[in-house]
Amino acid sequence: MISWSLGYQGKPGKKVTHRNKRVDPIAVIIRDIDEVAIDKLYDLLEDTKTPKSLKRHVIGPEANKRLIEDGAIPSTTARAKLSSSMLDQLYDKRGKEREKALATTITVLNKKNLDQDDLNRRFVVTLLYRCLHGVRKGSATEMQYALKVVSLLSIVVDCQEKMSEIYTEFLSVVSTKYSLQKAGPNTTNMLDCLGLVTFFGAINSEETQAAMKVIWDFIYPKSNSGYDLNRKKHSAEVLSAAIRSWLFLLTTMEGWRLHQTYWKGAISFFMDLLEHHDDKLVHRAASTALSLIFETGSLDKFWNQVAGTTYDNVDLSKG
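What counts and what doesn't
- Residues numbered from 1 in each chain as written.
- Predicted model: local features only at pLDDT ≥ 70, side-chain atom pairs only at ≥ 80, totals over all residues.
- Heavy atoms only, no water.
- Helix = DSSP H or I, 4+ residues; strand = E, 2+ residues; numbered from the N terminus.
- Contact = heavy atoms within 4.5 Å.
- Areas by Shrake-Rupley, 256 points an atom, 1.4 Å probe, with all protein chains shown as cover.
- Expected span 1.5 Å × (residues − 1).
- Buried < 20%, exposed > 50% of the residue type's maximum accessible area, 1.4 Å probe, protein only.
- Polar contact = N/O pair within 3.5 Å; in protein donor to acceptor, adjacent residues only side chain to side chain.
- Salt bridge = Lys/Arg side-chain N within 4 Å of Asp/Glu carboxyl O.
- Axes fitted to C-alpha atoms, helices over the stretch in contact; angles between N-to-C directions.
- Parallel < 35°, antiparallel > 145°, perpendicular 65-115°, else oblique.
- Nonpolar A, V, L, I, M, F, W, Y, C, P; charged D, E, K, R; others polar.
- Left-handed = near helix turned anticlockwise from the far one by under 90°.
- Disulfide = S-S within 2.5 Å.
- pLDDT = per-residue confidence, 0-100.
- Phe/Tyr/Trp six-rings, centres within 6.5 Å; stacked < 30°, edge-to-face > 60°.

Participant: It is not clear to me how the overall build of the chain should be interpreted in this structure. Could you clarify?
Facilitator: In terms of helices and strands, the chain carries 17 helices and two strands. Put simply, of all contacts in the chain between residues at least 6 apart along the chain, 70% involve residues at least 24 apart. Carbon together with sulfur atoms contributes 51% to the accessible area of the chain, which is approximately 17500 Å² in total.

Structure below.
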């Protein structure tokens, strides 16, 4: 029970006379406040003797709601929202200003009390396309922030139609020839983003495998007849990140739904990495990949062993 009240100078809980009756002053004040006009409530808020937390609690839900809507007092339950001005800043010609807007957007999207309805209704589509522009043409920093925003959108947006749009549009950008190769220091961020966007936005196994194929072509290009070139082409960090993203999506697939030819040679590729690559990150990713492949129960879809090649001496404990 509240033992203190607005405008009451006596001791907490003390009974006083009100209109010739002995009443509880707290009950009187709560009842009266709900009947007071907004301008009177502003006067009550001028009281410096009562803690603000108690003021909000004593005022009562209906009056409190009106005050919050009018901006008179802050709400501890107010939802975090993006602003139109923040969105306008993403169109600024200055890259630094766009980076600031994206950084602020990331902060808002990370809020636990994010207003998802407002986000879905007003901001998702514009945010998505401005971020895709940043991924294609922005600086390394802008691309990094843009990829983070797209990743967060794929997680927090709860509208299936918009989730699917995020997946489709982002995949079209990443699928562009040499897109991953041109990402530079953001290659791992792009791979991680693709994994998240597909996990939440793909609606069937075909869409999931379309994203997996983009990753697979990046780490195991068709033009590569052997593995030596590819081992040297990507850093250990990038190669292990690509394998992780591919595996992340593989865990969502049932073996019988896997494409018959997309993944041919995967077992040989990962076995070769274990045998010849000298980085522990890559060893760990390759050994995990082999384990998950065996768990699918569809080894024929991953096996394309070169005649005469054996891996009897490969140490699977390297990972």
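Picking up where we left off.
Participant: Mind showing me how you'd approach helix α12 (residues 187–201) here?
Facilitator: One turn of an α-helix holds 3.6 residues; hence residues three or four places apart share an orientation. Taking 1.5 Å per residue, 15 residues should reach 21 Å; α12 reaches 21 Å between its end C-alpha atoms and fits that length. Turning to α12, its buried residues are T187, T188, M190, L191, C193, L194, G195, V197, T198 and G201. Elements that come into contact with the buried residues of α12 comprise α8 (124–137), α9 (140–156), α10 (160–174), α11 (179–182), α13 (205–219) and α15 (236–250).

Participant: Explanation requested: the side chain of H277 in the structure shown.
Facilitator: You can see H277 is positioned in the loop between α16 (266–276) and α17 (280–296). From its side chain, H277 meets the backbone nitrogen of D279 in a polar contact 3.2 Å long.

Participant: I'm lost on the environment of V282 in this one. Help?
Facilitator: Locating V282 in the fold gives a position in helix α17. Considering only alpha carbons, one finds V282 and A241, 41 residues apart in sequence, at a separation of 8.9 Å. In this structure, V282 is in contact with A236, L239, S240, L273 and H277, ignoring residues within four places of it in sequence.

Participant: I keep staring at the pattern of salt bridges and nothing clicks. Help me out?
Facilitator: Where charged atoms of side chains with opposite charge meet at close range, the side chains can pair. For the structure on display, the rule yields nine salt bridges. Here K213 makes a salt bridge to D217, at a shortest N to O gap of 2.9 Å. Highlighted residues: K213 and D217, both in helix α13, separated by four residues, approximately one helical turn. Each of D118, R121 and R122 takes part in salt bridges that share partners, so that together they form one network.

Participant: It is not clear to me how the packing of α12 against α15 should be interpreted in this structure. Could you clarify?
Facilitator: Packed helix pairs are characterised by how far apart their axes lie and by the angle those axes make with each other. Where α12 contacts α15, the axes come no closer than 9 Å and their chain directions differ by 0°. The angle between α12 and α15 places the two elements in the roughly parallel class. Together, T187, T188, L191, D192, G195, L196, T198 and F199 of α12 and E237, V238, A241, A242, S245, F248 and L249 of α15 make up the contact between the two elements. Classifying every residue of the contact of α12 with α15 by side-chain character gives eight nonpolar, five polar and two charged.

Participant: Please explain α8 as it appears in this structure.
Facilitator: Taking 1.5 Å per residue as the helical rise, α8 with its 14 residues ought to reach 20 Å, and the 20 Å between its terminal C-alpha atoms agrees with that figure. Three or more residues of α8 are buried, namely V124, L127, L128, R130, C131, L132, G134 and V135. Of the surrounding elements, those touching the buried residues of α8 are α5 (84–89), α6 (95–109), α7 (116–122), α9, α10 and α12.

Participant: Would you explain the packing of α15 against α17 in this entry?
Facilitator: Where α15 contacts α17, the axes come no closer than 9 Å and their chain directions differ by 20°. Classified by the interaxial angle, the pair formed by α15 and α17 is roughly parallel. Regarding α15 and α17, the two cross each other, and that crossing is left-handed. Packed against α15, whose contacting residues are A236, L239, S240, I243, W246, L247 and L250, the element α17 presents L281, V282, A285, T288, A289, L292, I293 and T296 at the interface. Taken together, the residues of the contact of α15 with α17 break down into twelve nonpolar, three polar and no charged.

Participant: Where do I start with the state of the cysteines in this structure?
Facilitator: Cysteine pairs can be covalently joined through their sulfur atoms, and such a bond is termed a disulfide. One pass over the structure, following the stated rule, counts zero disulfides. Take C193: it sits in no disulfide, and the sulfur closest to it among the cysteines is that of C131, at 9.0 Å.

Participant: Just checking my understanding: could you explain the confidence of the model for the chain for this structure?
Facilitator: Reading fine detail from the predicted coordinates is not recommended where pLDDT is low. On average, residues of the chain score 77 in pLDDT, and 67% of them reach the 70 mark or higher. Throughout residues 223–229 the model reports pLDDT below 50, and contacts reaching past four residues in sequence, or to other chains, amount to eight contacts.

Participant: Hey, could you run me through the packing of aromatic side chains in this one?
Facilitator: The description of an aromatic ring pair uses the distance of the two centres, along with the angle that the planes make with each other. Considering all chains together, one arrives at 13 aromatic pairs under this definition. A centroid spacing of 5.6 Å and a plane angle of 85° characterise the contact between W216 and F269, whose relative ring orientation is edge-to-face. Placement of W216 in helix α13 and of F269 in helix α16 is noted, with a sequence separation of 53 residues between them. On the numbers, 5.5 Å between centres and 80° between planes, the contact of Y262 with W263 is edge-to-face. Note on Y262: relative accessible area 31%, which makes it partly exposed. Ring pairing ties together the aromatic residues W216, Y220, W246, Y262, W263, F269, F270 and F302, which thus form one cluster.

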